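Residues per chain are reported as follows:
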Amino acid sequence: MELILALAIGILVGSGVWLLLRPRSYQVIIGLCLLAYGVNLFIFAMGRLYVGAAPIMPKGGFVDPTAYADPLPQALVLTAIVISFATTALFLVLMIAARGATGTDHVDGKERHS
Amino acid sequence: MVEQNLLLLLVLTPFVSAALAATLPIGARNAEAWLAGLTMIVALVILAVLYPAVTEGQHITGTFRWVSSIGLDLTFRIDGFSWLFMVLVVGIGFLVILYARYYMSPDDPVPRLYSCLLAFAGAMSGLLLSGNIIMLVVFWELTSIVSFLLIGYWFQRQDARDGARMSLIVTASGGLCLMVAMIILGQIAGSYELDAVLKAGPQITSHRLYPVVLILFVLGAFTKSAQFPFHFWLPNAMAAPTPVSAYLHSATMVKAGVFVLLRFHPALGGTDAWFQIVTGIGMTTLLLGAVVALFRHDLKGLLAYSTISHLGLITALAGIGSPFALIAAVFHIVNHAVFKASLFMAAGIIDHETGTRDMRRLSGLARVMPVTATLAIIASGAMAGVPLLNGFLSKEMFFEATYVWNNGGSLDSFAPYVAVLAGAFSAAYSLRFIVTVFFGPPATDLPQEPHEPPLLMRLPVAILVAICLAVGMFPQQVLGTWLQTASMAVVGPELPHFSLKIWHGVSPPLIMSLIAMSLGTLIYLLPRRLIDSGEDGTRLMRRLDFARGFDWLLQLLTVKLPRFALRVLSAHGLQSQLRAMVLLSLAGAWFVLRTLDWNVPMPELGASELVFALLWLVGGTCAIGAAWQAKYHRFAALVLMGGAGLVTCATFVWLSAPDLAVTQLLVEIATTALLLLGLRWLPKRDEEIPGDNNLVARSRRSRDLLIALACGSGMTALALAVLLTAPGASVGDWFLRNAYVEGGGTNVVNVILVDFRAFDTFGEITVLAIVGLTVYALLRRFRPAPESVERPRPQLDAEEQALEAYLFVPSVLMQWMFAPIIALSAYLFFRGHDLPGGGFAAGVTLAVGLLLQYVAANVRWVEARIIVLPVRWMASGLTISAAVGAGSWIFGYPFLSAHAQYLDIPVIGKVPFSTAMLFDFGVFSLVLGAIVLMLIAIAHQSLRVAPRARAVETSEETS
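S.K.: Would you mind showing me how to read the overall build of chain B here?
M.R.: Within chain B one finds 41 helices and four strands. Sorting the 959 residues of chain B into buried and exposed places 54% on the buried side. Considering only residue pairs separated by 6 or more positions, chain B has 79% of its internal contacts joining residues 24 or more positions apart. As displayed, chain B has an accessible area near 41,600 Å², and 69% of this comes from carbon and sulfur atoms.

Encoded structure:
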């Protein structure tokens, strides 16, 4: 389980970084999304993995924390998901606006001269 | 206590009036003048009431607690000295306001002028009355800013803008030096209260940081009071309207520098360094200003340099620092303010009536405007130091101070000679002003026919000149007691005996005065033609053009250096910047982790994990496929990315995080919809990019591949290492234990978001709102790529009809789904506190529901039936969240404290209710609004573009 998730994080981050370094703006957008998946999973994994743990507590009283998944990384990731949606939206609009204004989808707004 | 409150009122009233003045209509000249004038009268009355409490060296202090923990309280303090200064500020302020009513033309936007003048009066009062030295600096900088606004009042003029910028940069940088000096002073004295600092004099002067403090302090004072070599900003500030020049740049603001010199004399003065620096610079400025003033042709230029010179005189007196010199300084501050303000006003009248300020063109005005001429001549006499006028008395005291005082150094042996020489030049330029402007043949080439101004415009000048005469003839009766009160506050209770008399007998100062005046007459009359027709300014001053040096420095610091830094440091293009960022992160991670050992046991793979492995086999393939295809096959890449997202979502379910799974799934839908809408405006790219397969591009790609591999494997190793070590105690445990007891919910994640860490969530939804608005704003001026603009209408219509037929069943289904989606959204929202769901999920769900309606039918059809106001949703969401947060203040709890309980609602049963739920509703409303705003803004583009494309076609057809 741990190994698979670790590999998954690695693949997502690797693909994300590769796309991040590409010259076409659409590639960068997809890269950011993939990177966000990887990073979200990574943050989530920092709370360790609990298979089949009850996500919801019973009402009232004190509980044994070890029987539940760590809620803190989950709260962090929940926030991160929404924020990464917002950045994707912003970047998408920038991308189509830049494409309209510059006539190219290169991230610098002009083709490389080399 | 009444007095303390009056003190606060004294500072606050002008600011309140300034705010009021700014709101009046643009042409309300009389209303503005009445408002400002009444404000000044109120302040004068308050000052009159306070006077008995400041005599005999007493003072009033009113403290208003603010940030006591760092020694910052709003302390106001008035003593005899600041009282006298306040009378100047308010009294001259009143006259300037009266004068400005007639000076400003009806076309000028007067609310701005009066508002700034009042704000200046407030800032200056704050500066004079601050009992806390940090607050003093704050008000100090405030005067600089208001001065900037006033100099740039006619902002359509280049010289006004330049002068304003120059004065702001010089005085505000000086203010920063002053602030550092004050901080060090406060640290040495152990308190930022003015009283404590003034008492800590010996401690300060013997401290090893004393030289630093002194230099920084005088930098602040000298820049404000236009002392050499920072004097150049004052002549350039003359681009301001004349009332402003009279008020700020001669009578009050420029005196702030000498005010702090005198005020802090007990704390910093009395040392040899103080004397050498302050008197040295003061003397230099005195002489330099007087010499240059003689050679200026512009009336206001002459007066500006004369002001510089007189400020130098006061500074020199502050440097000498003997009790007698300090009294002389206070006296001259008052005298100079009175005669210079009247002279500026007179110069303004001349400018106003003749249309020019050039002394080469003005001549013989005494014939056409005799009253103004008489007033101006008397005021110039005071400036020159003619007996029976107030300037004579304080100048004589100055001569006496330089003459009597001697500590055996070289500077003070020089001082009397410099003083006499400067006095001579001052007599010379005063004489020049009188002779050229008012006497001689009538002027021939004036832009306007001059005549006397309205009576009320002359009245302020007349009042000030009357004061000049009264003080000059009956000094002891008019000003004696006030001067005594003020001096006692500066010098201390043991005031030396001084008498304000016109005739002291034949004494050295009188002889010095006579020499100065006769020499001055000779200096002007002998080379008169040369001066009158010569070039503007002296040759020496043109060599030492400080303003040009300033411009050069500014150019260097704000243009050349940044450009150089940009050239040297910047990366070319986003790609190399991102690469540098990724490499830096890699290097940083390596640097932190390099010392750790890798002692992680090899994980074992059980058979039960086969499904999970298969899941990620798909997920990983999707991710790599997306990376592979994103360049040419955008749609495929989008689908593959969605695949990876779904697998991520399934992982969250698998690993007991249902909240994340729900949110991820919903966001995934919204993201895909968004990207699909966006793809519509991204022209297809399928041809090969030129030069894409050459060696450079290939090597670049292999290098990036290596970086990506390093990042991926690094993250894998890191994740594995963490996952296989046993967790320690986590903050999460605390949340688990307390979520129900304190937050009243069983879904801990939601309780964290809306209760424990609600402030973070509040920040986050604010970000979301900002992004939504930014997207909206960006798309308002959106110009799509020409290739993506619609094809000809007939073809499109045919396609649309075909599409409608094809999508008929799904679209009906989507319309039916609308109500269930709303119900689902409500369900997700209400169960949020106890079960997976919550405001985020509910908001995204409803947004997706709305989006489906846009997909099912065309935009016009939907908007004819549903009114969606996303901006209002966002606004109310943010307001609700903030209001819920602020509501806890009413009950005495910190921002965003939540209260929770269960409500028993009939039929439905027990429902968890908490104020956090209201907060969550704010989150819901904002998320809904922001997402709908973004999606609709993009979807609407097709509506906006289509008519334009048609318009182009029709114009082509007709032509």
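S.K.: Looking at this structure, I do not really get unusual backbone geometry. What am I missing?
M.R.: The bulk of non-glycine residues show a negative phi, and the bulk of peptide bonds are trans. Residues and elements named next belong to chain B. For the peptide bond that leads from phenylalanine 228 to proline 229, omega is 0 degrees, which places it in the cis range. Tracing the backbone through its elements, the reader meets proline 229 in the loop between helix H9 (210-224) and helix H10 (233-236). The phi torsion at alanine 226 lies on the positive side, around 55 degrees, for a residue other than glycine. In this fold, alanine 226 is placed in the loop between H9 and H10.

S.K.: Got a minute to help me understand the packing of aromatic side chains in this structure?
M.R.: Geometrically, a pair of aromatic rings is defined through the distance of the ring centres and the angle of the planes. All names here are of chain B. This model, assessed by the stated rule, comprises 22 aromatic pairs over all chains. With a centroid separation of 5.2 Å and 20 degrees between ring planes, the pair formed by phenylalanine 81 and phenylalanine 259 is classed as stacked. Taken together, the positions of phenylalanine 81 in helix H3 (residues 80-103) and phenylalanine 259 in helix H12 (residues 255-263) put the pair 178 residues apart, joining distant regions of the chain. Given the relative accessible area of 2%, phenylalanine 81 is considered buried. Its relative accessible area of 0% is what places phenylalanine 259 among the buried residues. Taken together, Phe829, Phe830, Trp873, Phe921 and Phe924 form an aromatic cluster joined through their ring pairs.

S.K.: Whenever I open this one, helix H11 (residues 242-251) of chain B confuses me. Can you help?
M.R.: The α-helix winds at 3.6 residues per turn, so residues separated by three or four positions along the chain end up facing the same way. The buried count for H11(B) comes to 10 of 10 residues, which makes it a mostly enclosed element. Three or more residues of H11(B) are buried, namely Thr242(B), Pro243(B), Val244(B), Ser245(B), Ala246(B), Tyr247(B), Leu248(B), His249(B), Ser250(B) and Ala251(B).

S.K.: For this particular structure, what's the right way to read the interface of chain A and chain B?
M.R.: One frequent convention defines the size of an interface as the accessible area lost when the parts assemble. Taken residue by residue, the interface counts 84 residues in chain A and 107 residues in chain B. Here chain A packs against chain B, burying approximately 8,900 Å² in sum over the two surfaces, 78% of which is carbon and sulfur. Looking only at chain A, the three residues that lose the most surface to chain B are Leu21(A), Tyr26(A) and Phe85(A), adding up to 9% of its buried area. Our count for the contact surface shared by chain A and chain B stands at two salt bridges. For the pair chain A and chain B, the interface holds 11 residue pairs in polar contact (both at pLDDT 80 or more). Of all the secondary structure elements, the ones that give two or more residues to the side of chain A that touches chain B are helix H1 (2-20), helix H2 (25-45) and helix H3 (71-102) of chain A. Counting residues per element, the side of chain A that touches chain B draws most heavily on H3(A), which supplies 24 residues.

The rules we used
- Residues numbered from 1 in each chain as written.
- Chains lettered and ligands numbered in written order.
- Predicted model: local features only at pLDDT ≥ 70, side-chain atom pairs only at ≥ 80, totals over all residues.
- Heavy atoms only, no water.
- Helix = DSSP H or I, 4+ residues; strand = E, 2+ residues; numbered from the N terminus.
- Buried < 20%, exposed > 50% of the residue type's maximum accessible area, 1.4 Å probe, protein only.
- Contact = heavy atoms within 4.5 Å.
- Areas by Shrake-Rupley, 256 points an atom, 1.4 Å probe, with all protein chains shown as cover.
- Phe/Tyr/Trp six-rings, centres within 6.5 Å; stacked < 30°, edge-to-face > 60°.
- Buried area = accessible area lost by both parts, 1.4 Å probe.
- Salt bridge = Lys/Arg side-chain N within 4 Å of Asp/Glu carboxyl O.
- Polar contact = N/O pair within 3.5 Å; in protein donor to acceptor, adjacent residues only side chain to side chain.

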